[in-house]
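Here is how the chains run, residue by residue.
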Amino acid sequence: MHSNQYAITEVKQIINAGGQIVKEYTINTLFTDSRRINNPAEGLFFALSGRRNGHEFVAEAYAAGVRNFVVEYGPEFNLPEANFLIVDDPLAAMQALAAYHRSRFDLQVIGITGSNGKTIVKEWLYQLLAADKNIVRNPKSYNSQIGVPLSVWQINGRNDLGIFEAGISTINEMDKLEAIIKPQVGVLTHIGTAHDEGFKDRREKMLEKLQLFRHCEKLIYNYDQLLNFQADIKARETFTWSRKMNQADLYVFSETVIAKSYYLRAQYQKREIECLIPFADEASVENAIICWATMLALGYSPVEADKRIERLAPVSMRLELKTGVNNCSVIDDSYNSDLQSLEIALNFLGQQNQHQKKTLILSDIYQSGLQQDELYRQVANLISSKKVDKFVGVGEALMAYEHFFNVAEQHFFKDTAAMLQQLRQLNFKEETILIKGSRSFEFERISRALAQKAHETILEINLNTLLSNLNFYKSKIEPGVKVMAMVKAFSYGSGTFEVANMLQYNKVDYLAVAYIDEGVSLRQAGINLPVIVLNPEASAFDKVIEYKLEPAIYSFGLLDDFVGYALDRNISNYPVHLKIDTGMHRLGFENHEIETLCDMLEQNRYVRIQSVFSHLAASEASKHDGFTQTQIKRFEKAFKEIEKTLGYKVIKHLCNTAGIIRWPSAHYDMVRLGIGLYGVDSAVSIKETDLQPIASLKTSIAQVKKIKGGDTISYGRSGKLKKDGKIATVRIGYADGYLRAFGNGIGKMLVKGTLVPTVGNITMDMCMLDVSGLDVREGDEVIVFDEQHQRIEELARQIGTIPYEILTNVSQRVKRVYFYE
Ligand SMILES: *Cc1c(COP(=O)(O)O)cnc(C)c1O
């Protein structure tokens, strides 16, 4: 994002800001997140107000070296040599600066919007056009009100094509993005139901999207999709495509699957043309047709378009975090490489605390739009501004610029093969390794060598969804109410440090585990948030102290034990939490015991009561609301007495996930967020797209067999097909957590888009599915649950249990793979 230089006085004028310039600086980088700062000396920090008020982070950004700020109010920040530009709306100022920057360049710009496929179409057009254009585009899917200005800011004098996507979720947003992107060519991708809830109706949503194209010279779109919007198309010229209507400029009239490719024939300018797409799934085919239409609309010949489309490569915007050899963690981003995505990946590396050592394996970067020496100087600066302990550079360019780099341990190789030959000597061990390479370097070979071989059943965890679920609940509580995230039982089966790192980086206030060992694991993985242990064992108090864990005290016996332990070791004021039993009848002091408890706490200098809490037995169920109210009353009575005795305030907390939504009056000082974080909440309707399950359980087909009607299948000869058919044996059994109760047709799995039933008993490591009539092969993916096709709630219903049990049952032998975009 370093490509531009503006004097700060000039910036002040452009955004029409108040405030004093106390010192002149040159600006070339824009920041909105104080945790992600590099090149601070030339940075400009925008204090945006979102869920957190950006002004709270000004001091942090200053400490990181930033001296220039755009703020809404000030200048009570007493920071020497810093400039504060004061505006009404820092986001609008950032957008205005980006729009000004855009207006200085007269490159061709393609603007893309739609509900689905924007990022894929953008990345594919980049792949298709990079041979003859110097292209600037959004990093990843930076397509929001904040992402678009940051993307456009990267335009530099060498670019002759910009490809920018714009995403909106409600009305009056596209106007602003249009003014920044100013596209001359528009591309509309698939319009689906995403974000429907932000609009009055479909028509309103469509009209808002079309705003992006209002000054376009040319618009490329699906003919069928805009049939009712002809009058609303402002573009001077159009290029339409269709798979149904022969009036379209590009009319696809024949589609054939050939192995894993897709062969299209179409009518174009009164002749027949063809195209081979190296993908066969529906979404990819549609996105590829959009790219095909765009290339033709831009004047490429059908032959050239076909030649390039045939070589399209899959786009992955996700980083994968997985377990590696020798106790390493591997972050796999081996599909693309440019400065911006390198920065994003390095930030993710920086969030990881599980190993001391952080390693980057990087290939040469292509098509950056920068001169080589400038590019690698920037790469070297970026790496030195992030904490990287070991650097492996692969490629001739990196070798040539070796002298730019000064990482404590560094190695350079001319190509991937040379590096793989030296793999043993590189001695990867107990480190977090980021693998980032341009496609042609085939870094997937490195990733295969370093990542532990995955058993073919994996639980995929989407860390972005975890974050958006967290934010969903934060939006349901008052500012100032703290969040304790429940990470007991391996974060409900979703992982230990991977989940905790994410929560720590995004500033939850507390973590909670059930047992001391779980707390120890978090500390060993570098987690330094306060951790409460709900069920501490007296035999392991040493570890409580050593690892600074905070025990929940629920009985007189435990209080005695802990106070005795503290007394023997001269410990005073140790933070502990008091658990009150207001009706759950599991653990905790009952109301009639509070008086005695208070007597014991009076003058007790060994512990300090950090919080008082209780647990609701049926917060989700309206038929028990009377009982919940009783629990609330008992809780209030208890904590009032305790606070009076102590003479100081404690943190009070009662609500679990369902309580957060259903009992807003009982949030007190903190809420304990459990299953909702993982995307399940009976108090939230499944249609609320703000809440999504974070985990998908996937396996694969080991064998396909033809079975005669009446033949029996599995142990006890329990299964049978009614007539001749086919079964698939898949690699998941009850030892993986797919319980026997799912056998004999009770459970279903998704194969090739179809839900098929189990047949026969589930065995320890395998089970059988009835796939009669389906075209399935060995190795095909099988989805046990995910957010789209069959949710955890549905599995729970099939065997009469609750989602909690389905999640925590997934056994530890099932590999977890984490995704982050
Ligand atoms: C597990 C647990 C929670 C979280 O409950 P959810 O329903 O998963 O939100 C909260 N409080 C206590 C004491 C717990 O044990």
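On a predicted model such as this, the values are computed, not experimentally measured, just so you know.

A. Fine view of the site of the ligand. Lining the immediate surroundings of the ligand are 13 residues, of which Lys488, Tyr492, Thr657, Arg672 and Tyr804 lie closest. With respect to the ligand, the side chain of Lys488 contributes an N or O atom lying 2.6 Å from an oxygen atom. Ile675 places a main-chain nitrogen or oxygen 2.8 Å from an oxygen atom of the ligand. Residues belonging to the shell around the ligand are distributed by class as follows: 5 nonpolar, 4 polar and 4 charged.

B. Structural detail: the sheet that holds strand β10 (residues 185–188). The mixed open sheet is built from 9 strands, whose spatial order is β8-β9-β7-β10-β11-β12-β13-β14-β15. Looking at the sheet topology across the chains shown, the edges are occupied by β8 (135–137) and β15 (271–277). Each adjacent strand pair in this sheet contributes to an overall mean axis angle of 20 degrees, direction not counted. On top of the sheet, helix α8 (residues 282–297) reaches β10, β11 (218–222), β12 (237–242), β13 (250–258), β14 (261–268) and β15; it is set at about 145 degrees to β12, its chief contact.

C. View of the domain arrangement of the protein. Domain parsing of the protein yields domain 1 (6–90), domain 2 (105–309), domain 3 (319–453), domain 4 (461–678) and domain 5 (695–786 + 788–820). Relative placement of domain 1 and domain 2: their C-alpha centres are 36 Å apart.

D. Representation of helix α10 (residues 339–351) in the model. Under the 1.5 Å per step criterion, the end-to-end length of α10 is 19 Å for 13 residues, consistent within 8% with the ideal 18 Å. In terms of residue burial, α10 counts as a mostly covered element, since 12 of its 13 residues are buried. Regarding α10, the residues found buried are Leu339, Gln340, Ser341, Leu342, Glu343, Ile344, Ala345, Leu346, Asn347, Phe348, Leu349 and Gln351. Near the N-terminus of α10, the side chain that reaches the backbone nitrogen of Gln340, with its oxygen 3.1 Å away, is that of Asp338.

E. Spotlight on unusual backbone geometry. A positive phi angle, near 65 degrees, is found at Asn172, a position not held by glycine. Inspection of the secondary structure assignment puts Asn172 in the loop between β9 (161–165) and α6 (174–181).

F. Examining the sheet that holds strand β5 (residues 68–71) more closely. Strand order in the open sheet made by the 4 strands is β3-β4-β5-β6, with parallel pairing throughout. In the strand order of this sheet, the two ends are held by β3 (29–31) and β6 (83–86), each with one partner. Mean inter-strand twist for the sheet, computed between neighbouring axes without regard to direction, equals 25 degrees. Pairing between β5 and β6: 4 bridges, direction parallel.

G. Main features of the UniProt feature "active site" (unreviewed entry) in the protein. Mapped onto this numbering, the UniProt entry annotates "active site" (unreviewed entry) at Lys488 and Tyr715. Taken along the chain, the residues just named run across 228 residues; in space they spread out, the farthest C-alpha pair reaching 35.5 Å. Overall, the relative accessible area of 25% leaves Lys488 in the partly exposed class. Filtering out sequence-adjacent residues up to four positions away, Lys488 remains in contact with Ala512, Val513, Ala514, Glu518 and Leu534. With respect to the helices, strands and loops of the structure, Tyr715 is situated in the loop between β33 (712–713) and β34 (719–720). Assessed through its relative accessible area of 61%, Tyr715 is described here as exposed.

H. Molecular detail of the UniProt feature "binding site: substrate" (unreviewed entry) in the protein. Those places that UniProt annotates as "binding site: substrate" (unreviewed entry) correspond, in this numbering, to Arg586 and Met764. The named residues occupy 179 residues along the chain; their greatest pairwise C-alpha distance, 33.2 Å, places them well apart from one another. Positionally, Arg586 belongs in the loop between β27 (574–581) and β28 (589–590). What Arg586 contacts, discounting residues up to four positions off in sequence, is Lys579, Asp581 and His615. Among the secondary structure elements, Met764 is positioned in the loop between β37 (754–757) and β38 (767–770). When sequence neighbours within four positions are dropped, the list of residues in contact with Met764 reads Gly733, Tyr734, Ala735, Asp736 and Arg813.

I. Expanded view of the packing of aromatic side chains. Counting across every chain of the model gives 27 aromatic pairs. Centre to centre, the rings of Tyr376 and Tyr401 are 5.6 Å apart; their planes meet at 15 degrees, and the pair counts as stacked. In this pair, Tyr376 sits in helix α11 (residues 372–385) while Tyr401 sits in the loop between α12 (396–400) and β20 (409–413), placing the two residues 25 residues apart along the sequence. Between Phe405 and Phe412 the ring centres are 5.9 Å apart and the planes differ by 55 degrees, which places this aromatic pair in the tilted class. Neither Phe405 nor Phe412 differs from the other in exposure class; each is buried. Linked through ring pairs, Phe541, Phe562, Tyr565 and Tyr574 together constitute an aromatic cluster. A cation sits over an aromatic face here: Arg569 above Tyr565, 3.7 Å from the ring centre.

J. Structural view of the pattern of salt bridges. Under the counting rule described, the total for this entry stands at 42 salt bridges. In this structure, Asp517 engages Lys543 in a salt bridge whose closest nitrogen and oxygen atoms are separated by 3.8 Å. In this pair, Asp517 sits in helix α19 (residues 516–524) while Lys543 sits in helix α20 (residues 541–546), placing the two residues 26 residues apart along the sequence. Under the relative-accessibility criterion, Asp517 is labelled partly exposed at 49%. Across the salt bridge formed by Arg662 and Asp625, the nearest N and O atoms sit 3.0 Å from each other. Within this pair, whereas Arg662 is found in helix α24 (residues 657–662), its partner Asp625 is found in helix α23 (residues 625–646), the two being separated by 37 residues in sequence. One network of salt bridges, with partners in common, ties together Lys122, Glu123, Arg137, Glu165 and Asp338.

K. Here's a closer look at the pairing of strand β7 (residues 108–113). Burial runs high along β7: 5 of the 6 residues are buried. Relative to β9, β7 is paired through 5 bridges, and the arrangement is parallel. Bridge assignment links Gln108 to a residue of β9, and that residue is Leu161. Note that β7 and β10 share 4 bridges and pair parallel. The residue of β10 that forms the bridge with Gly111 is Gly186.

Basis of the calculations
- Residues numbered from 1 in each chain as written.
- Predicted model: local features only at pLDDT ≥ 70, side-chain atom pairs only at ≥ 80, totals over all residues.
- Heavy atoms only, no water.
- Near = heavy atom within 4 Å.
- Polar contact = N/O pair within 3.5 Å; in protein donor to acceptor, adjacent residues only side chain to side chain.
- Nonpolar A, V, L, I, M, F, W, Y, C, P; charged D, E, K, R; others polar.
- Pairing = 2+ DSSP bridges.
- Helix = DSSP H or I, 4+ residues; strand = E, 2+ residues; numbered from the N terminus.
- Axes fitted to C-alpha atoms, helices over the stretch in contact; angles between N-to-C directions.
- Contact = heavy atoms within 4.5 Å.
- Domains from an automatic or database assignment.
- Expected span 1.5 Å × (residues − 1).
- Buried < 20%, exposed > 50% of the residue type's maximum accessible area, 1.4 Å probe, protein only.
- UniProt positions renumbered as here; feature names shortened; annotations may be inferred.
- Phe/Tyr/Trp six-rings, centres within 6.5 Å; stacked < 30°, edge-to-face > 60°.
- Lys NZ or Arg CZ within 6 Å of the ring centre and 35° of its normal.
- Salt bridge = Lys/Arg side-chain N within 4 Å of Asp/Glu carboxyl O.

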